[in-house]
Amino acid sequence: MEIYNMAGYRCLTISAKQEGSVAFLKEEIKGKKVMFGGHSGVGKSTLINTLDPELELKTGKISMSHLSGQHTTTFAEMHELPTGGFIIDTPGIKAFGLIDFDKKVLSHYFPEMRKVLHECKFNDCQHINEPDCAVKNAVEMGQIHPERYFNYVNMMEEDDDETYRKDIYKS
Ligand SMILES: Nc1nc2c(ncn2[C@@H]2O[C@H](COP(=O)(O)OP(=O)(O)OP(=O)(O)O)[C@@H](O)[C@H]2O)c(=O)[nH]1
Ligand SMILES: [Mg+2]
Ligand SMILES: [Zn+2]
């Protein structure tokens, strides 16, 4: 939570087992389309059942040997809530990847980087090896969490094979 709060995201802890703690979600979702994402077993479907018990979505036990969910939800589905708005339940995330994505603008999707990147010396700075980089400076000054910068570098270095293959097919 510390990492994401620092990046400018609002983080809250809630429990599907305590109805009072999810009441505010009904207000949040009114007039919106909201999606729940996360690993299998974190309680996405359970939380949606709390928002509308009539949905009776299937939920799964946590596997004691793996201490994780069992991929109970198998496809994404959108439900209209009687209290207003729409909620989308999704299967647990198995892998994360960037497809058809221009890495040159990856930092624009990190709010805390977007805030400072106009101060980089080069306006096409990739925040990796360039001198006078505002993003790297912010990491050093403790304004950007090192974990977030580490994730950024990892994504930048991720294999581009997928994109490469698509380019071959196109030509
Ligand atoms: N104590 C507690 N248990 C919870 C909470 N939310 C979910 N659970 C339990 O965690 C288990 C998994 O919940 P699910 O709702 O099936 O999880 P999911 O995120 O939908 O999982 P997938 O559909 O596999 O992606 C169930 O046994 C729930 O009863 C919670 O807030 N507190
Ligand atoms: Mg589920
Ligand atoms: Zn930079």
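Just so it is clear, the structure is predicted and the values come from calculations on it, not from any experiment.

Parameters at a glance
Residues numbered from 1 in each chain as written. Chains lettered and ligands numbered in written order. Predicted model: local features only at pLDDT ≥ 70, side-chain atom pairs only at ≥ 80, totals over all residues. Helix = DSSP H or I, 4+ residues; strand = E, 2+ residues; numbered from the N terminus. Rg over C-alpha atoms; globule rule 2.2 N^0.38 Å. Buried ≥ 20, exposed ≤ 12 C-beta atoms within 10 Å, placed from the backbone. Contact = placed C-beta atoms within 7 Å. Domains from an automatic or database assignment. Nonpolar A, V, L, I, M, F, W, Y, C, P; charged D, E, K, R; others polar. Near = placed C-beta within 6 Å. Pairing = 2+ DSSP bridges.

Trainee: Before we go on, may I ask you to explain the overall build of the protein in this structure?
Mentor: A tally of helices and strands in the protein yields 7 helices and 3 strands. Helices (α) and strands (β) of the protein occur, in sequence order from the N terminus, as α-α-β-α-β-β-α-α-α-α. Radius of gyration (C-alpha) of the protein: 20 Å, far over the 16 Å computed for a compact globule of 171 residues. A principal-axis box enclosing the C-alpha atoms of the protein has dimensions of 55 × 40 × 40 Å. Taken over 171 residues, the protein has a buried fraction of 16%. Restricting to contacts in the protein with at least 6 residues of sequence separation, those with at least 24 account for 52%.

Trainee: Looking at this structure, how should I read the domain arrangement of the protein?
Mentor: How big an interface is tends to be stated in terms of the accessible area lost upon association of its parts. For the protein, the assigned domains are domain 1 (2–89) and domain 2 (103–170). One C-alpha centre belongs to domain 1, the other to domain 2, and the line joining them spans 30 Å. Listed by partner, the interface residues are 4 residues for domain 1 and 6 residues for domain 2. For the side of domain 1 that touches domain 2, the class distribution of residues is 3 nonpolar, 1 polar and no charged.

Trainee: When you look at the site of ligand 1 in this model, what are you seeing that I'm missing?
Mentor: Neighbouring residues of ligand 1: 20 residues in total, closest Gly43, Thr46, Thr59, Thr73 and Gly92. Grouping the amino acids of the shell around ligand 1 by side-chain chemistry returns 4 nonpolar, 13 polar and 3 charged.

Trainee: How do you make sense of helix H3 (residues 44–51) when you look at a structure like this?
Mentor: Helical periodicity: at 3.6 residues per turn, an α-helix aligns residues three or four positions apart in one direction. Among the 8 residues that make up H3, 6 are buried, leaving the element largely enclosed by the rest of the structure. If you follow the buried residues of H3, they end up packed against helix H2 (19–29), strand S2 (77–80) and strand S3 (86–89).

Trainee: How do you make sense of unusual backbone geometry when you look at a structure like this?
Mentor: A negative phi angle is the norm for most residues apart from glycine, just as the trans form is the norm for most peptide bonds. Non-glycine residue Leu67 carries a positive phi angle of around 50 degrees. In this fold, Leu67 is placed in the loop between H3 and S2. With 8 C-beta atoms packed within 10 Å, Leu67 lands in the exposed category. Phi angles above zero are rare outside glycine, and Asp132 is one such case at about 50 degrees. Position of Asp132 among the secondary structure elements: in the loop between helix H4 (111–114) and helix H5 (134–140).

Trainee: Any chance you could explain the pairing of S2 here in plain terms?
Mentor: Where a strand is regular, its side chains alternate between the two sheet faces. Strand direction decides the pairing type here: S2 and S3, joined by 4 bridges, are antiparallel. If you follow Glu77 over to S3, its bridge partner there is Asp89. Between the end of S2 and the start of S3, which pair antiparallel, lie 5 residues, with Gly84 showing a positive phi angle near 105 degrees.

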